[in-house]
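# Tertiary structure, described
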Amino acid sequence: MTDTAPAYTAPDATTRAAMLDTARFDAAGLIAAIAQQHDTGEVLMLAWMNREALDETLRTGRVCYYSRSRGGLWRKGETSGQVQRLVDARLDCDRDAVLLLVDQTGVACHTGRRSCFFNAMRPTGLVETSAPLIAADTLYGRG
């Protein structure tokens, strides 16, 4: 986290509910969520949120996603310590995707890289544009 991140102010319950009612969740009850570092513009990751995860994120200021593989809420950093603190949240024009401007602690990717978007599609094929900053086993306490 940086000391320069603006403080997040949570909307009250009535305002949160009204905003959540305008979001367009898909048939599975999910909305795409893109996490972007608030001060550099670096795109960190794409994940999914259900209504509960988005509500918790807006209420607490700590980013929470919905894990499709685990079938439940995933509070970013709960096992790795690589927390995302919300600075701002924005729905797109169709209200079917949310942009999360965050202050990322450490790496965002489960592979140990800062960003999940490290596979560049080049004329010669995929090229990794960054190396892991921390081993995944270390990140998740398996090393």
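Residues numbered from 1 in each chain as written. Predicted model: local features only at pLDDT ≥ 70, side-chain atom pairs only at ≥ 80, totals over all residues. Heavy atoms only, no water.

Spelled out, the test is: UniProt positions are given in the numbering used here, feature names are shortened, and annotations may be inferred rather than shown by experiment.
Per an unreviewed UniProt entry, the recorded name for the chain is Phosphoribosyl-AMP cyclohydrolase, and the organism is Gluconacetobacter liquefaciens. The chain has a UniProt comment under Subunit (unreviewed entry) that states "Homodimer."

## What about helix H2 (residues 51-60)?
Rules: With a 1.4 Å probe rolled over the protein chains alone, any residue whose accessible area is under 20% of its type maximum counts as buried; one over 50% counts as exposed, and the rest are partly exposed. Only DSSP runs of H or I with at least four residues qualify as helices, and only runs of E with at least two residues qualify as strands; both kinds are numbered from the N terminus onward. Contacts described as polar in this section are N or O atom pairs within 3.5 Å, which, within protein, must combine one atom able to donate a hydrogen with one able to accept it, while residues neighboring in sequence count only if both atoms come from side chains.
Buried residues of H2: Ala53, Leu54, Glu56, Thr57 and Leu58, and no others. N-capping of H2 is provided by asparagine 50, with a side-chain oxygen placed 3.3 Å from the backbone N of glutamate 52.

## Description of the nonpolar core
Inclusion rule: Nonpolar cores are built from buried Ala, Val, Leu, Ile, Met, Phe, Trp, Tyr and Cys residues. Side-chain atoms within 4.5 Å join them into one set.
Counting residues in each nonpolar core, the largest one holds 21 residues, and the members touching the most others are Met45, Met49, Val63, Tyr65 and Leu100. When contributions to this core are tallied by element, the ones reaching two or more residues are strand E1 (31-37), strand E2 (43-49), H2, strand E3 (64-67) and strand E6 (97-104). Of the residues forming this core, the biggest block, four residues, is contributed by E2.

## Brief notes about the UniProt feature "domain: Phosphoribosyl-AMP cyclohydrolase" (unreviewed entry) in the chain
Using the residue numbers shown here, the UniProt feature "domain: Phosphoribosyl-AMP cyclohydrolase" (unreviewed entry) corresponds to residues 45-118. The annotated region residues 45-118 carries 14% helix and 39% strand content, and the separation between its end C-alpha atoms amounts to 10 Å.

## Structural notes on the packing of aromatic side chains
What characterises a pair of aromatic rings is the spacing of the ring centres plus the angle enclosed by the ring planes. In plain terms, the rule: Within 6.5 Å between ring centres, the rings of Phe, Tyr and Trp (the latter by its six-membered ring) count as paired, and their orientation is classed by plane angle as stacked under 30 degrees, edge-to-face over 60, tilted in between. Any Lys NZ or Arg CZ found within 6 Å of a ring centre and within 35 degrees of that ring's normal is scored as a charge over the ring.
Taken as a whole, this structure holds one aromatic pair when the rule is applied. Between the aromatic rings of tyrosine 65 and tryptophan 74, the centroid separation amounts to 5.1 Å while the plane-to-plane angle is 40°, which identifies the pairing as tilted. Against the face of phenylalanine 118 rests arginine 113, its NZ or CZ located 3.8 Å from the ring centre.

## Some details on the UniProt feature "binding site: Mg(2+)" (unreviewed entry) in the chain
Residues annotated by UniProt as "binding site: Mg(2+)" (unreviewed entry) correspond here to Asp92, Asp94 and Asp96. Within the secondary structure layout, aspartate 94 lies in the loop between strand E5 (84-91) and E6. By relative accessible area, aspartate 94 is classed as partly exposed at 43%. Tracing the backbone through its elements, the reader meets aspartate 96 in the loop between E5 and E6.

## Some remarks on the side chain of asparagine 50
For the record, the criterion: Contacts are residue-level and defined by heavy atoms, with any inter-residue pair within 4.5 Å sufficient.
Topologically, asparagine 50 is positioned in the loop between E2 and H2. Residue asparagine 50 is classed as buried on the basis of its relative accessible area, which comes to 15%. Within the structure, the side chain of asparagine 50 is placed 3.3 Å from the backbone nitrogen of glutamate 52, a separation counted as a polar contact. Polar contacts involving the side chain of asparagine 50 include one to the main-chain amide nitrogen of alanine 53, which spans 2.8 Å. If near-sequence neighbours (up to four positions away) are discounted, asparagine 50 is found in contact with Phe25, Gly29, Leu30, Tyr66 and Leu73.

## So, the pairing of strand E8 (residues 125-128)
So the rule is basically this: Two strands qualify as a pair provided DSSP detects at least 2 bridges between them.
Sheet topology places strand E7 (residues 119-122) next to E8; four bridges connect them, and they run antiparallel. The residue of E8 that forms the bridge with alanine 120 is valine 127. In this antiparallel pair of consecutive strands, E7 and E8, the connection spans two residues.

## Quick look at a nonpolar patch on the surface
Convention followed: Patch rule: a residue counts if its relative accessible area is over 30% and it has no salt bridge; like charges are joined within 9 Å, and nonpolar side chains (Val, Leu, Ile, Met, Phe, Trp, Tyr) within 5 Å. Reported accessibility uses the Shrake-Rupley method at a 1.4 Å probe radius. Residues are deemed covered only where the shown protein chains occlude them. The salt bridge criterion pairs a side-chain nitrogen of Lys or Arg with a carboxyl oxygen of Asp or Glu, the two atoms within 4 Å.
The grouping of Ile34, Val43, Leu46 and Phe117 at the surface amounts to a nonpolar patch, some 340 Å² of accessible area in total. One can find phenylalanine 117 in the loop between E6 and E7. Classification of phenylalanine 117 by relative accessible area gives exposed; the value is 53%.

## Describing the sheet that holds E6
Formally: Between the N-to-C directions of two axes lies an angle of 0 to 180 degrees, each axis being a line fitted to C-alpha atoms and, for a helix, fitted only over the stretch in contact.
Read across the sheet, four strands follow the order E2-E1-E6-E5 without closing on themselves; strand pairing throughout is mixed. Lying at the two open borders of the sheet, with one neighbouring strand each, are E2 and E5. The sheet shows a mean angle of 25° between the axes of neighbouring strands, direction not considered. In terms of strand pairing, E1 meets E2 through six bridges, oriented antiparallel. Counted as the bridge partner of isoleucine 34 is leucine 46 from E2. Strand contacts of H2: E2 and E5, with the helix running at about 125° to E2, the strand carrying the most contacts.

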